[in-house]
Amino acid sequence: MEEYFPLIWYCFIGFGVIMYLVLDGFDLGVGCLIFTQKRDEDRRILYNAIGPFWDGNEVWLIVIAGSLLAGFPIFYASLFASFYIPTMVLLASIIFRAISIEFRSKIVHKKWRTFWDINFFLSSLVLSFIGGLFFANLLIGIPIDNNFEFVGGFSDFISIFSVGVGLFAITVFLMQGSIFLLFKTEGELHQRVQKIAKFCSLLFLLSYIAISLYIYITFPIIFDNIFSNPFLIIIPALQVICSILTIILVHKNKSGLSFIFSSLCVAGLVFLYSLGTFPYLLRSSLTDVDGITYLNAAVETQTYWVIFIVAVCGIPCIAGYSIWLYRLFRGKVKLHSGSY
Amino acid sequence: MDPLFLSRVQFALNISFHYIFPPMSIGLAVIILIFEGIYLKTRNPEDKQIAVFWTKIFALFFAMGVATGFVQLFAFGNNWSRFSSFVGDLFGTILAAEGIFAFFLEAGFIGIMLFGWYNPRVGPKTHYLSTWMVAIGSHFSAIWILVANSWMQTPAGYKVAGTGIHQRAVLTSLWDVYTNPSVFDRITHTILGAWILGVFLLLSVTAYYRLRKRHDYFCQRCLKFGTIWAFVLLVAQFISADSTARNVYYTQPVKFAAMEAVYKTKPYTPISVIGWVDEENETVHSIKVPGALSMLTFFNPKTPVPGFDTLGPNGTPLPKEDRPPVSIVFQTYHIMVASWGAMMGLVSWAIFLLWRKKLFNSKLTLLAFVPAILLPYVSNIAGWWTAEIGRQPWIVYNVLRTSSGVTPSLTTGNVIGSLIMFVACYILLFSFFIFMLNRKIQHGPGLAEDEEDTLYSDSSKNIYNGGK
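Report on the accompanying structure. Just so we're clear, the structure is a prediction, and the values are computed from it rather than from any experiment.

Criteria and cut-off values
- Residues numbered from 1 in each chain as written.
- Chains lettered and ligands numbered in written order.
- Predicted model: local features only at pLDDT ≥ 70, side-chain atom pairs only at ≥ 80, totals over all residues.
- Heavy atoms only, no water.
- Helix = DSSP H or I, 4+ residues; strand = E, 2+ residues; numbered from the N terminus.
- Rg over C-alpha atoms; globule rule 2.2 N^0.38 Å.
- Buried < 20%, exposed > 50% of the residue type's maximum accessible area, 1.4 Å probe, protein only.
- Contact = heavy atoms within 4.5 Å.
- Areas by Shrake-Rupley, 256 points an atom, 1.4 Å probe, with all protein chains shown as cover.
- Lys, Arg positive; Asp, Glu negative; His and termini not counted.
- Charge placed at Lys NZ, Arg CZ, Asp CG, Glu CD.
- Phe/Tyr/Trp six-rings, centres within 6.5 Å; stacked < 30°, edge-to-face > 60°.
- Lys NZ or Arg CZ within 6 Å of the ring centre and 35° of its normal.
- Buried area = accessible area lost by both parts, 1.4 Å probe.
- Salt bridge = Lys/Arg side-chain N within 4 Å of Asp/Glu carboxyl O.
- Polar contact = N/O pair within 3.5 Å; in protein donor to acceptor, adjacent residues only side chain to side chain.
- Pairing = 2+ DSSP bridges.
- Core = buried A, V, L, I, M, F, W, Y, C linked by side-chain atoms within 4.5 Å.
- Axes fitted to C-alpha atoms, helices over the stretch in contact; angles between N-to-C directions.
- Parallel < 35°, antiparallel > 145°, perpendicular 65-115°, else oblique.
- Left-handed = near helix turned anticlockwise from the far one by under 90°.
- Nonpolar A, V, L, I, M, F, W, Y, C, P; charged D, E, K, R; others polar.
- Expected span 1.5 Å × (residues − 1).

The next point concerns the overall build of chain A. Helix and strand counts for chain A come out as 12 helices and 2 strands. Counted from the first residue to the last, chain A has its helices and strands arranged as α-α-α-α-α-α-α-α-α-α-α-β-β-α. Against the globule reference of 20 Å for 340 residues, chain A gives a C-alpha radius of gyration of 20 Å, in line with a compact fold. Expressed as lengths along the three principal axes of its C-alpha atoms, the size of chain A is roughly 60 × 40 × 35 Å. Evaluated residue by residue, chain A yields a buried proportion of 61% over its 340 residues. Of the contacts made within chain A by residues no fewer than 6 positions apart, 79% connect residues no fewer than 24 positions apart. For chain A, the accessible area works out to roughly 12900 Å², and carbon and sulfur atoms hold 72% of it. For chain A, the centre of its 21 positive side-chain charges and the centre of its 20 negative side-chain charges are spaced 22 Å apart.

Structure representation (structure tokens):
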């Protein structure tokens with residue numbers, strides 16, 4: 001049993017990543033969509049749609065980082081030491097994004113609000129892009145030596161592929177964000193949002209196919225795991241089906257179902273990523289160097305016991321009051337004096 | 001300038017800037033709990049306004065705390081990768097628990113706390129429950145991070161395993177980690193510090209209103225409560241500080257020696273009231289109270305407090321490379337104590353005036369309260385500098401040196417770049433923050449909600465002209 005502990009923790013982190021991408025995904029998407037609305041009132045509805053939720057969504061990022069530090073400390077250390085500059089950019093955008101939401105509404109002045117709108121848009125966009133950049137480089141590996149020390153430079157992170165995945169990440173969040181807004185808007189705004197959601201979910205499907213083909217041609221190694229077991233081909237197949245269903249459901253204006261299917265698409269991406277990299281957490285792009293796997297980064301059994309207990313006690317509580325929170329603030333956004 | 005030094009500067013900058021915000025959330029959370037509790041009893045709308053007002057101020061500090069807090073999470077990996085892989089087992093489990101138990105609690109209920117005032121589905125009791133949850137969450141996050149930090153000060157419940165880069169501190173007893181020798185004193189000391197910070201903001205804002213003759217009811221309630229609450233906390237902090245200092249002596253004698261710059265072990269060890277340290281000649285130029293340090297540590301003025309000349313192995317002098325920067329620790333420690341003294345003096349005077357029913361019209365005292373919010377800030381941050389710089393040259397006391405914790409692949413250029421980025425970000429953030437805080441305070445409690453509503457929609461109509 002105990003030899004499975006690292007694997008169980010690996011799955012837990014995968015679960016955390018799915019939760020983060022599904023939940024923070026929609027508020028990042030709303031950030032990227034802020035300039036699709038011209039009237040201040042409509043923009044305020046967008047801000048207030050994510051108002052009570054975005055903070056809790058971002059906590060999943062903390063959980064992911066904390067879980068990595070606890071369960072795979074060598075990976076955590078190597079990851080953030082290597083991705084020094086991308087992390088700094090990520091941090092700057094997280095800071096300014098949080099502040100934009102809080103500050104924007106406080107002064108009724110056109111220039112002030114436009115300033116924070118730009119801030120919110122750019123920080124959401126950069127955050128999404130850097131997220132994609134992280135995944136892209138983790139997928140194909142980065143130059144680390146036998147001691148797991150980074151031996152490359154910032155330029156190693158930038159390639160056609162990683163920029164492509166960065167843009168793809170934006171399309172993922174655009175889809176999540178626009179579909180989430182279907183719940184929260186009504187009237188004329190709702191019709192506009194629906195059009196945007198149609199476009200975004202179609203964009204997702206197209207870029208998904210494009211990026212998969214690109215990976216297949218340039219980094220076939222990533223498909224090794226999938227082709228080793230033909231049964232696994234069902235995952236990308238299901239993903240395409242979910243994506244098509246999302247488009248159809250958005251067209252039919254079924255906000256709940258379409259959000260479920262678009263979230264399944266996001267979850268599918270995490271499964272595919274994991275299939276593409278397993279058992280590696282961090283591949284080395286240098287030949288003759290083996291990267292960090294979930295086994296050589298694992299910690300002692302006793303530590304896993306502790307974090308299992310934390311997760312088993314904590315997650316049901318989080319699920320409980322998250323559901324309560326989403327229910328309290330369900331329905332269309334109504335603006336009032338306390339809104340953003 | 002090497003990456004190690006720059007990384008230390010960057011960490012100090014990040015954590016000190018971050019520390020402007022969360023302690024205030026903790027201190028204000030308690031105050032909101034009290035006033036919202038009063039409102040639930042009286043159902044007086046004016047009491048509600050007090051709670052709503054402090055919630056709005058709280059929201060600002062909370063948002064800043066969240067935004068600047070993310071930096072800390074990644075900083076351990078970015079600049080201190082060897083430290084991270086060394087302590088991940090222990091440190092990570094504590095941080096993961098903090099995220100899952102504390103941050104989610106705060107983040108989940110903060111939405112209800114801020115927006116719930118206006119949501120018909122949220123009744124006053126549900127709202128009060130959310131306020132409790134946010135308060136508990138913010139205290140828990142303080143407790144967890146202090147467990148982690150105290151473990152770095154007084155490590156326990158672990159063993160060192162592996163060699164070279166695979167060397168790690170491995171968990172042996174979770175109980176010992178969570179009850180490491182300094183944890184209780186440090187949690188009490190820090191949380192009291194946060195509560196004092198909160199009440200001084202309350203006093204500062206209230207005194208300002210009172211001087212301007214604004215918000216009479218608000219001032220009546222807050223000024224009286226604030227003075228008493230501040231007095232109680234400052235007295236409690238004295239007791240806690242005394243105990244904490246003794247704990248430092250028993251667990252980290254080197255830090256203790258640095259706090260009072262004890263170079264030579266001799267009877268009647270003095271306390272310096274004010275002065276400076278000549279590190280080269282190992283002398284302290286200061287006004288001294290003879291025997292006071294011995295008295296406070298051992299309850300006997302004769303017993304000598306061990307100085308650097310006997311703190312090395314087997315009573316030999318402690319090598320210079322194993323000492324913290326004595327002069328800095330000495331000063332930060334004394335600044336902390338002096339700020340406490342200033343607060344205690346001011347609040348005691350205010351209590352006297354309150355008893356004589358003169359406080360509400362004593363312009364000078366009120367005038368002193370307005371800038372007095374800086375005192376607990378100075379005290380809190382100086383205290384943390386004492387704790388952290390006093391632990392040097394160790395990152396984990398007597399286990400891992402700071403120089404061994406830094407990321408090996410770090411380049412000077414990278415750290416200078418990130419340092420510039422942080423400084424720029426923080427200057428911007430802080431300016432906006434002060435601007436917003438000032439606006440909220442100027443706006444004050446008061447305006448009834450419907451009045452505010454019309455004000456809001458009217459002005460937005462004017463500016464956006466309806467829009468198309």
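Next, the rest of the story.
Helix and strand counts for chain B come out as 16 helices and 6 strands. Over its C-alpha atoms chain B spans a radius of gyration of 24 Å, differing by no more than 12% from the 23 Å that the globule rule assigns to 468 residues. Once the C-alpha set of chain B is aligned to its principal axes, its extents read approximately 75 × 55 × 40 Å. For chain B, buried positions account for 58% of its 468 residues. Contacts in chain B between residues at least 24 apart in sequence constitute 77% of all its contacts with a sequence separation of at least 6. A total accessible area of about 19000 Å² is found for chain B, and carbon and sulfur atoms account for 67% of it. Put simply, chain B has 35 plus and 26 minus side-chain charges, and the middle of one group is 6 Å from the middle of the other.

Two measures describe an aromatic ring pair: the distance that separates the ring centres and the angle between the ring planes. One pass over the structure, following the stated rule, counts 79 aromatic pairs over all chains. Taken together, a centroid distance of 6.0 Å and an interplanar angle of 70° make the contact between Tyr-19 of chain B and Trp-384 of chain B edge-to-face. With Tyr-19 of chain B in the loop between α1 (3–18) and α2 (22–42) and Trp-384 of chain B in helix α13 (residues 374–389), this pair connects stretches of sequence that are 365 residues apart. A connected cluster of aromatic rings, assembled from ring pairs, spans Phe-5, Trp-9, Phe-12, Phe-15, Trp-60, Tyr-304, Trp-305 and Phe-308 of chain A together with Phe-104 of chain B. The ring of Trp-394 of chain B carries the charged tip of Arg-401 of chain B above its face, separated from the ring centre by 4.5 Å.

Of the residues lining the interface, 85 residues belong to chain B; the matching set on chain A comes to 79 residues. Interface area for chain B against chain A, summed over the two sides, is near 7200 Å², with a carbon-plus-sulfur share of 74%. At the boundary of chain B and chain A, one finds 3 salt bridges. The residue Glu-102 of chain A makes a salt bridge to Lys-440 of chain B at a minimum N-O spacing of 3.7 Å. At the surface where chain B touches chain A, the tally comes to 13 residue pairs in polar contact (both at pLDDT 80 or more).

Moving on to the pattern of salt bridges. Residues and elements named next belong to chain B. This structure, assessed with the given rule, holds 21 salt bridges over all chains. Measuring nitrogen to oxygen at the nearest pair gives 2.9 Å for the salt bridge that ties Arg-323 to Glu-282. Within this pair, whereas Arg-323 is found in the loop between α10 (292–298) and α11 (326–355), its partner Glu-282 is found in the loop between β3 (271–278) and β4 (283–289), the two being separated by 41 residues in sequence. Its relative accessible area of 14% is what places Arg-323 among the buried residues. Across the pair Asp-322 and Arg-401 runs a salt bridge whose closest N-O atoms are separated by 2.5 Å. Within this pair, whereas Asp-322 is found in the loop between α10 and α11, its partner Arg-401 is found in strand β6 (residues 400–401), the two being separated by 79 residues in sequence. Overall, the relative accessible area of 18% leaves Asp-322 in the buried class.

All names here are of chain B. Taking every second residue as pointing to the same face, both faces of strand β2 (residues 168–171) are buried, with Arg-168 and Val-170 on one and Ala-169 and Leu-171 on the other. Here strand β1 (residues 158–161) pairs with β2 via 4 bridges, running antiparallel. When the bridges of β2 are listed, Val-160 appears paired with Ala-169.

Once that is clear, we can look at the environment of Val-289 of chain B. Residue and element names in this part refer to chain B. For Val-289, the position within the fold is in strand β4. On a C-alpha basis, the gap between Val-289 and Ser-403 in space is 37 Å, while along the polypeptide they are 114 residues apart. Apart from residues no more than four positions distant in its own chain, Val-289 is found in contact with Pro-270, Ile-271 and Val-273.

Okay, the nonpolar core next. Ranked by internal contacts, the top residues of the largest apolar core, which has 249 residues, are Phe-72 and Phe-75 of chain A together with Trp-54, Phe-61, Phe-83 and Phe-200 of chain B. In this structure, Trp-54 of chain B is in contact with Leu-28, Ile-31, Ile-32, Leu-201, Leu-202, Val-205, Phe-218 and Cys-222 of chain B, ignoring residues within four places of it in sequence. Of all hydrophobic cores here, the second largest spans 29 residues; its members include Ala-258, Ala-292, Phe-308 and Val-329 of chain B.

Further remarks concern the packing of helix α3 (residues 45–79) of chain B against helix α7 (residues 183–211) of chain B. All names here are of chain B. The N-to-C vectors of α3 and α7 enclose an angle of 125°; their axes lie 13 Å apart at closest approach. Looking at the two axes, α3 sits oblique to α7. When you trace α3 past α7, the crossing you get is right-handed. Contact with α3, carried on its side by Phe-53, Trp-54, Ile-57 and Phe-61, involves Leu-201, Leu-202, Val-205 and Tyr-209 of α7 and no other residues of that element. Split by residue class, the contact of α3 with α7 holds 8 nonpolar, no polar and no charged.

This brings us to helix α7 (residues 160–184) of chain A. Compared with an ideal rise of 1.5 Å per residue, which puts 25 residues at 36 Å, α7 of chain A spans 36 Å between its outermost C-alpha atoms and is within 8% of the ideal. The element α7 of chain A is largely enclosed, with a buried count of 20 among its 25 residues.

Glancing now at the side chain of Ser-81 of chain B. Along the polypeptide, Ser-81 of chain B turns up in helix α4 (residues 81–115). In this structure Ser-81 of chain B comes out as buried when scored by relative accessible area, which is 5%. Discounting chain neighbours no more than four positions away, the residues touching Ser-81 of chain B are Ala-77 and Ala-81 of chain A together with Phe-76, Gly-405, Val-406, Thr-407 and Pro-408 of chain B.

Let us now look at unusual backbone geometry. For the peptide bond that leads from Phe-278 of chain A to Pro-279 of chain A, omega is 0°, which places it in the cis range. Structurally, the position occupied by Pro-279 of chain A is in the loop between α11 (255–277) and β1 (280–282). Of the consecutive residues Gln-392 of chain B and Pro-393 of chain B, the connecting peptide bond is found in the cis state with omega at 5°. Tracing the backbone through its elements, the reader meets Pro-393 of chain B in the loop between α13 and β5 (394–396). A positive phi angle, close to 65°, is found at Phe-148 of chain A, a residue other than glycine. Locating Phe-148 of chain A in the fold gives a position in the loop between α6 (110–140) and α7. In this model, His-215 of chain B sits at a positive phi of 50°, which is unusual for a non-glycine residue. Tracing the backbone shows His-215 of chain B in the loop between α7 and α8 (216–251). Owing to a relative accessible area of 22%, His-215 of chain B belongs among the partly exposed residues under this scheme.

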